[in-house]
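# Fold and geometry: a report
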Protein chains: 2
Amino acid sequence: MWQRHQHSQCIKEALSKAEQVCIDHQCRLTPIRKKVLELIWKSHKPIKAYDLLAQLSSEDFIEKPPTVYRALEFLIENNLIHRIESQNAYIGCNHDHENLDSKFLICEQCNQVEELSEPKINKTLSEVSKKQGFTPNMVNIEVHGTCSQCAQN
Amino acid sequence: MWQRHQHSQCIKEALSKAEQVCIDHQCRLTPIRKKVLELIWKSHKPIKAYDLLAQLSSEDFIEKPPTVYRALEFLIENNLIHRIESQNAYIGCNHDHENLDSKFLICEQCNQVEELSEPKINKTLSEVSKKQGFTPNMVNIEVHGTCSQCAQN
DNA sequence: CAAATAATGTTATAGTATAACATTGCTTAA
DNA sequence: TTAAGCAATGTTATACTATAACATTATTTG
Ligand SMILES: [Zn+2]
Ligand SMILES: [Zn+2]
Ligand SMILES: [Zn+2]
Ligand SMILES: [Zn+2]
């Protein structure tokens with residue numbers, strides 16, 4: 001969480017993780033992709049495509065929508081970020097994903113997002129899906145509510 | 001599922017359930033709201049706001065965006081439909097909801113959607129949330145994959 | 001009935017995302 | 001090494017999704 005860590009450190013980690021992922025996946029972390037990823041991590045909350053666009057344009061990058069949407073597409077494909085569907089917004093991921101699944105706790109007060117990695121949820125969902133004869137491919141879970149910090153205030 | 005029921009029957013049921021819900025909630029199922037709900041049920045798959053708009057306009061209703069978005073808002077508030085976030089689309093609900101939660105199996109082949117009501121999922125999610133000190137308010141789960149029908153083909 | 005409230009009409013615009021084609025840059029194998 | 005092929009980016013235009021703001025009409029209630 002924001003309050004409990006050196007954020008510059010966690011940006012660094014995210015970027016170096018990205019380098020490694022790109023080596024593993026044999027793809028390229030180009031300057032634009034890297035810059036977008038960095039801006040997403042700097043935000044540390046879900047950030048919108050057009051906000052990224054605005055920030056890019058103030059840093060000598062080309063500021064057209066396809067530029068940022070392509071970068072987002074790339075980062076999503078490589079599980080370096082996720083899209084928060086209920087907000088049309090994007091957030092960094094520091095998890096190791098086996099599958100195409102993502103699970104979020106979204107605080108309605110502070111808009112801080114926590115990604116879950118609890119495998120028990122997937123297990124339960126799998127079981128229920130199977131019962132319906134359904135074969136899951138990707139899962140998205142978005143839980144809206146109040147985080148512990150905000151509950152105290 | 002589409003293949004296994006008289007669809008005209010299930011539209012009728014949805015509309016009469018809606019009447020009852022509106023009595024209970026002391027709100028009004030106006031002609032526009034009723035028409036939108038009917039069109040959503042006729043589709044029997046997730047349908048987009050502007051597709052509804054097009055269908056309304058061919059039936060002597062006013063065809064401006066706010067008209068349909070207001071109807072959608074009303075229907076969502078009363079749990080008569082849900083929004084499929086990953087598709088910007090809307091689908092009818094014939095469940096009885098205690099809470100603000102919805103869980104879907106979405107077939108990537110036929111785009112048929114099944115709503116889950118399995119309470120075990122909520123229970124698991126609640127437990128995991130609590131462990132993080134998080135108080136859930138509303139939950140949305142969207143599982144993409146292949147339905148049993150499509151798996152056979 | 002009059003006042004208050006709810007719902008709809010209307011115009012305009014904000015916000016999100018992609019298509020299509022041109023250009024540039026990297027990779028690789030003759 | 002260099003030309004061909006592919007990957008990435010540039011560029012223009014447009015499609016798709018949703019809401020703000022204010023006017024008008026319909027319904028409810030005292
Ligand atoms: Zn993740
Ligand atoms: Zn919070
Ligand atoms: Zn439902
Ligand atoms: Zn199917």
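All values derive from a computational prediction rather than experimental measurement.

## Remarks on the coordination of the zinc ion (ligand 2)
In an ideal tetrahedron of four donors about a metal, each angle is 109.5 degrees. In an ideal octahedron of six donors, the angles are 90 or 180 degrees. Residues and elements named next belong to chain A. Protein-derived ligands of the zinc ion (ligand 2) are Cys-107 (SG), Cys-110 (SG), Cys-147 (SG) and Cys-150 (SG), with the metal-ligand distances lying across 2.2 to 2.4 Å. Each of the four donor atoms bound to the zinc ion (ligand 2) contributes to angles spanning 106 to 116°, and the resulting shape is tetrahedral. Each donor residue of the zinc ion (ligand 2) belongs to the same chain, with the gaps between them written as C-x2-C-x36-C-x2-C. Of the two residues examined, Cys-147 and Cys-150, each falls in the buried class.

## As for the sheet that holds strand β5 (residues 113-115) of chain B
Taken in spatial order, the six strands line up as β5(A)-β4(A)-β6(A)-β6(B)-β4(B)-β5(B) in an open sheet, and their pairing is mixed. Strands at the two margins of the open sheet, each flanked by one partner only, are β5 (113-115) of chain A together with β5 of chain B. Geometrically, the sheet is characterised by an average inter-axis angle of 20° between neighbouring strands, direction not taken into account. Taken together, the three bridges between strand β4 (residues 100-107) of chain A and β5(A) define a ladder with antiparallel strand orientation. Paired with A:Ile106 across the strands is A:Val113, a residue of β5(A). Contacts from helix α5 (residues 119-131) of chain A reach β4 and β6 (135-146) of chain A together with β4 (100-107) and β6 (135-146) of chain B, with the element oriented near 125° to β6(A).

## Comments concerning the protein's contact with DNA strand D
In the neighbourhood of DNA strand D, 19 residues make up the surrounding shell, with A:Thr30, A:Arg70, B:Lys48, B:Tyr50 and B:Arg83 lying closest. Taken together, the sugar and phosphate atoms account for 54% of what DNA strand D places within 4 Å of the protein. Take the surface near DNA strand D: its biggest share by element is four residues, from helix α4 (residues 65-77) of chain B. Among the residues forming the surface near DNA strand D, the class breakdown is eight nonpolar, three polar and eight charged.

## Looking at the protein's contact with DNA strand C
For DNA strand C, the set of nearby residues contains 19 residues, the closest of which are A:Lys48, A:Tyr50, A:Arg83, B:Thr30 and B:Arg70. Taken together, the sugar and phosphate atoms account for 53% of what DNA strand C places within 4 Å of the protein. Within the side chain of A:Tyr69, a nitrogen or oxygen atom sits 3.0 Å from a phosphate oxygen of DNA strand C. Of all the elements, helix α4 (residues 65-77) of chain A adds the most residues to the surface near DNA strand C, at four residues. Taken together, the residues of the surface near DNA strand C break down into eight nonpolar, three polar and eight charged.

## Structural notes on the coordination of the zinc ion (ligand 4)
All names here are of chain B. Donor atoms from the polypeptide that bind the zinc ion (ligand 4) are Cys-107 (SG), Cys-110 (SG), Cys-147 (SG) and Cys-150 (SG), placed at 2.2 to 2.3 Å. With four donor atoms in place around the zinc ion (ligand 4) and angles of 106 to 114° between them, the coordination shape is tetrahedral. Look at where the donors of the zinc ion (ligand 4) fall in the sequence and you get C-x2-C-x36-C-x2-C.

## A look at the domain arrangement of chain A
Residue and element names in this part refer to chain A. Its domain assignment divides chain A into domain 1 (7-92) and domain 2 (100-152). If you average the C-alpha positions of domain 1 and of domain 2, the two centres end up 22 Å apart. Listed per partner, the contact involves 10 residues of domain 1 and 12 residues of domain 2. Here domain 1 meets domain 2 over a buried area of about 910 Å², counting both sides, of which 48% is carbon and sulfur. A per-residue breakdown of the area domain 1 buries against domain 2 is headed by Lys-45, His-82 and Ile-84, which together make up 42% of the total. Viewed at the interface, domain 2 and domain 1 are joined by zero salt bridges.

Rules used throughout
- Residues numbered from 1 in each chain as written.
- Chains lettered and ligands numbered in written order.
- Predicted model: local features only at pLDDT ≥ 70, side-chain atom pairs only at ≥ 80, totals over all residues.
- Heavy atoms only, no water.
- Donors = N, O, S within 2.8 Å, 3.2 Å for Na, K, Ca; no water.
- Tetrahedral: all angles 85-135°; square planar, octahedral: opposite > 155°, others 65-115°.
- Buried < 20%, exposed > 50% of the residue type's maximum accessible area, 1.4 Å probe, protein only.
- Pairing = 2+ DSSP bridges.
- Helix = DSSP H or I, 4+ residues; strand = E, 2+ residues; numbered from the N terminus.
- Axes fitted to C-alpha atoms, helices over the stretch in contact; angles between N-to-C directions.
- Contact = heavy atoms within 4.5 Å.
- Near = heavy atom within 4 Å.
- Nonpolar A, V, L, I, M, F, W, Y, C, P; charged D, E, K, R; others polar.
- Polar contact = N/O pair within 3.5 Å; in protein donor to acceptor, adjacent residues only side chain to side chain.
- Domains from an automatic or database assignment.
- Buried area = accessible area lost by both parts, 1.4 Å probe.
- Salt bridge = Lys/Arg side-chain N within 4 Å of Asp/Glu carboxyl O.

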